[in-house]
Each structure stands twice: as structure tokens, then as C-alpha cells.
Amino acid sequence: MKKVFICLLLFAFVFLCIETVHAETTTRVIITLPLNSKNKNVREAPNGKANKLGVTANYGTYRLLDEKPYPGLDGDNTCSEPWYKIYYNGKDGYICGENVEFVKSHANDDVAPSTDCEKQMSALGFPSSYWGGLCRLKEKYPSWTFEAIKVDTDWSDVIKGESPCGWNLIRKNTTNENFIDTSCEEEYSGYMSVLPVGLAYFMDPRNFLSEGYIFQFNYLSYANVLESSYFTTVDAMLNKASFYIYHKQNDFANILIQAAKEVNVCPIFTSARMYQELGADEKLFNLYSGTGKYIDASGVSYTGYYNFYNMGVTDTCAKDFGTTFCGLRYAVNKGWNTLPLAIQGGIRTISAEYINKNQYTTYLQKFNVLGYGDRKPYSHQYQTNVQAPSSESTISFSTIANNKALDLPFLFKIPVYKNMDAFIDNSGNGSVNDGDSTVPKPSTIPIHTIVTSSGYKYESGYIGVPLHQDVSTLKGALESVGGNSTVVITNAAGESVTSGQVGTGFKVSINNQSTTEVLEVVVKGDTSGDGEINALDLLQIQKSILGTYTLSGASLKAGDTSGDGEVNALDLLQVQKHILGTYTIK
């Protein structure tokens, strides 16, 4: 049995009331198997031959149901240590005590610190329910630094903001089927919508304060003190990935590191992101090889272009057109027609669009709880997979550990939300009341404010929406401000829609208790209303200029891509260049 780390129990004596308040604790089991070893089985009884409930994740944390050690039943000799009873996916289970550690954390956030570490973490802004996990890490890795990110939003409101149907997805084969929202019809390539209970589990930082998962909070800046270790770490991280093997002779690692340095981004993170997006196999060969053979309707060839970050491959696009088309179309529009341009371009995009806009950890890129300028919270999130931050973290940790670099001075920035349920339930059932079916009333905010606060353009009777905007994304963004069940979206035929791509002429009905306003969608450049900018739009604008076709209403506004109040030759040129990939209509 490895050592037990205990955050001391505190007893606060309130002398004026002559009352004793007990600071309760919750104990977690942390799995600490050697890297690359088999997972630890969870059994129905303390016996290695008992029915298996599932397996634990290495460096995963599980709630200990009681501290009593259980001897192996029926003379079981498969475990050299006692068994322990844990809460596993809604059931009581038993794990062998080999390669586990225990950590006690305060179950309340109003406890006064007593140890030096607790005082240090309190001074940094972490509430007492964080101290157990953080102090265990600080003792093991003294060079690591932790910083609290104060999120000025109630925890329950954060979960509601991230909960629209299809906004966050989880693998269908997840071990905890209680996380899957079967009432939401959104489903993409083996992923389904996640329930608030599962969302709360993956968003609660206290569930991931172990070395294997802490790297989702790693600050993603380029660190000069780590520079000497970057090449060996990147090379070790990627050496079994097909995309790296394919391009290794082209000095792939050094190109990546230099590109990351130029924009102040950690190359370990960018490598993990590539690995997460492309995988280790050859399934996305067309994206990384430069041999993707696709010619679009305007005659533009996609051969010779690269996309190492799967950018542009949204769930909706991939479902309708396939990964190769979506990824390479994005690469063509960006001009990524050489290996260095593709690697550098992807890193610069992540830096400019995410890291420099308050999304400076893997966690924040998935869960944008801070917002930035006009970019509202819960928008502009890199992916829909709620498991992605923890998955990328394990990739980074394993590589760093294998290269014996865990003693380097890493900085971790960890969110702290208002009014979190301090009791930590590692089944994922805690932190929010998943039995609460209360639906909030619509907001009383003026409808034009709901629209602009959600990041869209408002004009009397119209709402400006970006190209390739998904219906569920638009509805979710508006309802994150206006309240649940306040938005109805219909297509050009007047049919209510909940998925698919928004096009010019769609209608968005928004209710704010006192009134309902119906706004017609305008997607700049999409005059035909099919949600794309293509040859048909070009033809309609050309005929409009010649006077042989009439654009009106939302279509007329969509045709005015330059924003000068009329449809003319400049708009025609901009649409033509957009189709060719030499200009982007915004």
C-alpha cells in the first residue's frame, strides 16, 4: 500500500454559541498503476474471481464508501493487499488495494486552513474542498504551481449554460451509461448528448486533481525553462502516430516546436492536440498526407493541402459531406499547401482564436466559461466531446512521465466556481442536483439584447448569423441568455427544425415573457438560403445586378456582402473570391 495523504480534520469551536461544528471529509481512492499496465478491475465482491463491474482509469479518483479494509473472500489470493469498497458508476464495487493512494478532502468550503499547504492553497484562492487533491500533488511535485481562476458564475448556472441538446457529447460506449441523454436526438459518429449529471462530472475540477488528469489545466504558454526537453517529449509523444511517421523525415518535430515558440504556445500541448484530433492510425490519411483527391464544384483541387488539427470538421459538416471534404476545404481556404504552413497555421489559429482569448488551457478550450470581449461564455468551444480535456491530459502526462520530466516547473490554472456543492461525489452524481427538473422562466431582457449578447447581429426583423452555423448551436446560444424553451427555429418552408445548418430565410422566434419577435436569418453571401456560398448565389447576385432577377428581404441583405447598402459588382467579386478560397466573407 502506498502512503496515505491526509488533510487534517478541523473542528471549529464557536464559543459564543457554545456549539461544536464538525468539518466533514470525503475520502477518495486514486489509482496509481504503473504506466502502460493493465487497468484495475472493479468486482462485485472482494475476490479476484467475483463478477467484474468494469475497470478503473489510471489516476482516476473514486469515492471510498468506508475505510474498512476487506480481506479476500473464499481464500482469494489474487491480491496481496486488502480490498476496498468504492462507489463505481452508481454501484458498490471492490478494488484490490495494490497501487492505490487515499486522499481526504474537506467536504465543506468554509473550513479554516491548518497545515502549511492548506494555508498556501487558501491564499491562492482555492476553497477547502480543493485542498486534499492539490496538497497531495504539491507534496509529490514541489516544483508545480497552482493558480485559481475565479469564475464569477454560480456552478448550477454554468451547467445549465453548457446543457443545450447536442452542445456537449459523450461516447456511446462510455462505462457510465447514466451520463447519456437519450431524449436528445443529436448523435454523431458514436457520440451522444450528455446529461447535466455527466457534464457536471467532467466539468468539476475536483474530480481531476491527480497527475494523470491535471494537465488539462496546464497553462499553454511556451516555457523557456522547459525548452531543452521539448524535442524529446514531442518526439516521444508522436513517434507511434501514423501522421508523424509519414512526415518524420521532414523535421516535423522541430517545425512544430519553432512554430509554437513564435506564437508563445506550449509544443507539448499542440502535439497532444494533433494526436487527439488525428489519432495514431491512418483513418485521417487524406487530411495529413497531402494526397486528398477532392475537387469542389468551382474546380478547386484539394490535393497538396494539409490539416493536422481537424479544423473545419464540425459534426454537422462531417455528417453531411465527410471528413476529407470539410478538413481540406478549411485547409484550402487557409492556404495550407506545405507542411510548415499547415503546422504553423494551425498553431497560430489556436493561439489567436483560443489561447489569447481566455481559452489558455485545454479545459477552457472545451468549456469556455470565461468568455472574452463580445465572445460570450459557452460559445466558441474547440470540440463537443466532454472527455477530450481529460483524454488529452493523459497523453501529455504519459509522455512527460516516460521522459522523467515531471519535476519541471509546470503551471496549472484551475477554475473555481461560485456556490459549488462542496461534497465530492466521484460517481458524477454530485455537484448538481440531477433530479431538479425545474425549467427557468424566460428572461425579461429585450430581444435585441438577447441577440447581441449571444454574439449575433440584430437589425429590426433580422438576425445576422455566421456561415455554417448549426441550428442547435444558434438555439443554444440564444437560450443561454434568454432562458430555456424561449427559441423556436423554422426553415424556409416554415417547418420547425432542431438540427442541420441554418440558411438565409430561416426564421427565429424569440420569447421574453412580454413579447415574441420573429427574426429572419441573414447569412452573408447565401442568397439562395441553402446555408452555403456557391455558384447559385453567385448567379443570383449577377442576375440581380443585371436586373433579370430580384433579391428581396433577407436574400437582398445576404447579397450585400460588402455592407454598403446595395448589391453591386463588389459583392459579386467577394462571393466569387470566397468560392475560390481567396477571400472570406464575414
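The preceding data block contains the structure.
Report on the accompanying structure. (Residues numbered from 1 in each chain as written. Predicted model: local features only at pLDDT ≥ 70, side-chain atom pairs only at ≥ 80, totals over all residues. Heavy atoms only, no water.)

### Here's the deal with the overall build of the protein chain
Assigned secondary structure in the protein chain consists of 19 helices and 20 strands. Within the protein chain, the proportion of its 586 residues that are buried is 53%. Restricting the contact set of the protein chain to residue pairs at least 6 apart, pairs at least 24 apart contribute 64%. Carbon and sulfur atoms form 50% of the exposed surface of the protein chain, whose accessible area is close to 25,600 Å². (Helix = DSSP H or I, 4+ residues; strand = E, 2+ residues; numbered from the N terminus. Buried < 20%, exposed > 50% of the residue type's maximum accessible area, 1.4 Å probe, protein only. Contact = heavy atoms within 4.5 Å. Areas by Shrake-Rupley, 256 points an atom, 1.4 Å probe, with all protein chains shown as cover.)

### As for the packing of aromatic side chains
Following the criterion strictly, the structure yields 37 aromatic pairs and no others. Pairing Tyr-244 with Phe-252 gives two aromatic rings, centres 5.6 Å apart and planes at 90 degrees, and the pair type is edge-to-face. Cluster of aromatic residues (ring-pair linked, three or more members): Phe-243, Tyr-244, Tyr-246, Phe-252, Phe-285, Tyr-288, Tyr-306 and Phe-308. The ring of Tyr-87 has Arg-63 sitting right over it, with the charged end atom 4.8 Å from the ring centre. The side chain of Lys-413 reaches across the aromatic face of Tyr-219, ending 4.1 Å from its centre. (Phe/Tyr/Trp six-rings, centres within 6.5 Å; stacked < 30°, edge-to-face > 60°. Lys NZ or Arg CZ within 6 Å of the ring centre and 35° of its normal.)

### Examining the state of the cysteines
Taken as a whole, this structure holds 4 disulfides when the rule is applied. Two residues share a disulfide in this structure: Cys-117 and Cys-135, whose sulfurs sit 2.1 Å from each other. Looking down the S-S bond of the Cys-117 and Cys-135 bridge, the torsion is -105 degrees, so its handedness is left-handed. A residue pair is termed long-range when its members are at least 10 positions apart, and Cys-117 in helix H1 (residues 116-123) and Cys-135 in helix H2 (residues 128-140) qualify at 18 residues. The buried category is assigned to Cys-135, whose relative accessible area is 3%. Cys-317 shares a disulfide with Cys-326; S-S distance 2.0 Å. One quick way to see it: the torsion about the S-S bond of Cys-317 and Cys-326 is about -100 degrees, and its sign makes the bridge left-handed. With a relative accessible area of 1%, Cys-326 lands in the buried category. Once the disulfide-bonded cysteines of the protein chain are ranked by sequence position, their pairing pattern turns out to be 1-2, 3-4, 5-6, 7-8. (Disulfide = S-S within 2.5 Å.)

### A word on the pattern of salt bridges
Taken as a whole, this structure holds 16 salt bridges when the rule is applied. Salt bridges linked by common partners bring Glu-101, Arg-136, Lys-140 and Glu-211 together as one network. (Salt bridge = Lys/Arg side-chain N within 4 Å of Asp/Glu carboxyl O.)

### Let's talk about the pairing of strand S4 (residues 25-31)
Of all 7 residues in S4, 6 are buried; the element is thus mostly enclosed. With 7 bridges connecting them, S4 and strand S10 (residues 100-106) associate as antiparallel partners. Along S10, the bridge assignment pairs Ile-31 with Val-100. Of the strand pairs in this sheet, S4 and strand S7 (residues 61-63) are connected by 3 bridges, and their pairing is antiparallel. Directly across from Arg-28, in S7, lies its bridge partner Arg-63. (Pairing = 2+ DSSP bridges.)

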